[in-house]
Structure formats: structure tokens, C-alpha cells
Amino acid sequence: MKAKILISACLLGDRVRYDGDDNGVDSVILRQWQMEGRLVSVCPEVAGGLSIPRAPAEVQHGDGHQVIHGYAQIITVAGDDVTKAFLRGAQLALSRANEHGCRFAVLAARSPSCGNDGIYDGTFSHKLVAGMGVTAALLTEHHIEVFNQSQIAQLADRLAELEA
Ligand code: SF4
């Protein structure tokens, strides 16, 4: 059976980003996976109840793991606390992954929800720090391997090994 992959909706061209745009990726591998019916799309922030467009938000004083465990918050540029919506979206993304049996995810890099290898530092000045977004952290804590759009080839190698 072909492994299912949870994917950030914005990487498939859905205009769900905070600014109403997308992060569409032109990838032969992604197109192949889509044709094979492997991809399960989700936008955690929209699933969590946030609007399009919405104010940009960043994790303050920590990363997604610390948000999940109550030690950090997600605050918009206007100063509103949107932690609950981000946590709700992460839980819904995890439920969707589990419903479809996804053991892998490809999520958009640097997002406070989806980033798997660095997020912005909470100062809204485009400075990256180590850490994951909330959804990437929650999926990882539930043993789902998270890749980003620069790591699609790595995931393809991983699947080729598993399915050989
Ligand atoms: S929450 Fe994830 S899927 Fe939604 S726009 Fe942000 S990066 Fe894309």
C-alpha cells in the first residue's frame, strides 16, 4: 500500500496564507504523489478558525513544543493572543493525519504552525531561530515524520526504501 502524506494546503497552491497568498511548489514528485492519491491536504490555521487574510503571528519565547506544553504563546503583530486557535488547528491536523493513516508530512517551512526546521523569533523582523511550529511539533510528538518543501526528495527516498 502506498503511504499517505499530510501536506500543507498552501504548498498545493491553496491561497490560505495569512496574506491571502499561497506557497505553491512546482515539483514533479508532488504531482506524482497527487496522482497516486497519497496527499492529504490541511491548513491548520484555517482549520483552527483563523480567517484569510489574518494578522501575521509568531511564537513568543519558545517554539511549538513549548506552546503545546503551555510554556509559550503565539501572538499576532497587533498583540492578540491566538494560541488557542493554533493549538486547535494542530489537533485537527493530527486527527486528519490519523484518519488517513499518514506517517509522513510535508509542511511549509518557517511557519509558526507548519515550520519543521526553524521559525521566526517572535520579533516580526524576519529573524529565524531553531525550533518547530505548533503543528509540526505536535505531529512529531505523535511519531509522524515531518519534512518541508526543500526536503521532498529526502521523503521520496524514504518512501522508496519503505515500499521496496
Ligand atoms: S498554516 Fe501551514 S498550511 Fe496554512 S498557510 Fe500557514 S504554512 Fe500554509
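What comes next concerns the included structure. (Residues numbered from 1 in each chain as written. Predicted model: local features only at pLDDT ≥ 70, side-chain atom pairs only at ≥ 80, totals over all residues.)

Bringing the site of the ligand into the picture now. With respect to spatial proximity, 13 residues lie near the ligand, and among them Ser-8, Cys-10, Cys-43, Ala-108 and Ser-111 are the closest. Residue composition of the shell around the ligand, by class: seven nonpolar, four polar and two charged. (Near = placed C-beta within 6 Å. Nonpolar A, V, L, I, M, F, W, Y, C, P; charged D, E, K, R; others polar.)

Here we come to the sheet that holds strand β5 (residues 104-107). Read from one edge of the open sheet, four strands run β2-β1-β5-β8, paired in parallel fashion. Here the strands that pair on one side only, and so sit at the sheet edges, are β2 (39-42) and β8 (145-148). Across the sheet, the mean angle from the axis of one strand to that of its neighbour is 25°, orientation sign disregarded. One ladder, built from four bridges, connects strand β1 (residues 5-8) with β2; its direction is parallel. Within β2, the residue paired with Ser-8 across the bridge is Val-42. (Pairing = 2+ DSSP bridges. Helix = DSSP H or I, 4+ residues; strand = E, 2+ residues; numbered from the N terminus. Axes fitted to C-alpha atoms, helices over the stretch in contact; angles between N-to-C directions.)

Every α-helix carries 3.6 residues per turn, so stepping three or four residues along brings you back to the same face. Here helix α4 (residues 83-99) contains 17 residues, and its C-alpha end-to-end distance of 24 Å stays within 8% of the 24 Å for a straight helix at 1.5 Å per residue. Within α4 the residues assigned to the buried category are Ala-85, Phe-86, Leu-87, Gly-89, Ala-90, Ala-93, Leu-94 and Ala-97. At the C-terminal side of α4, Gly-101 shows a positive phi close to 70°. (Expected span 1.5 Å × (residues − 1). Buried ≥ 20, exposed ≤ 12 C-beta atoms within 10 Å, placed from the backbone.)

By the secondary structure assignment, Gly-115 is in the loop between β5 and β6 (119-120). Accessibility expressed as a C-beta count within 10 Å gives 26 for Gly-115, which makes it buried. Separated by twelve residues in the primary sequence, Gly-115 and Arg-103 have C-alpha atoms spaced 17 Å apart. Excluding residues that lie within four positions of it along the chain, Gly-115 makes contacts with Ala-109, Arg-110, Met-132, Gly-133 and Ala-136. (Contact = placed C-beta atoms within 7 Å.)

Here we come to helix α5 (residues 134-141). Counting buried residues along α5, six of its eight residues qualify, which places the element largely inside the surrounding structure. Among the residues of α5, Val-134, Thr-135, Ala-136, Ala-137, Leu-138 and Leu-139 are the ones counted as buried. Looking at the buried residues of α5, the elements they touch are α2 (44-47), α3 (64-68), α4, β5 and β8. Count one or two residues on from α5 and you reach His-143, which has phi positive near 65°.

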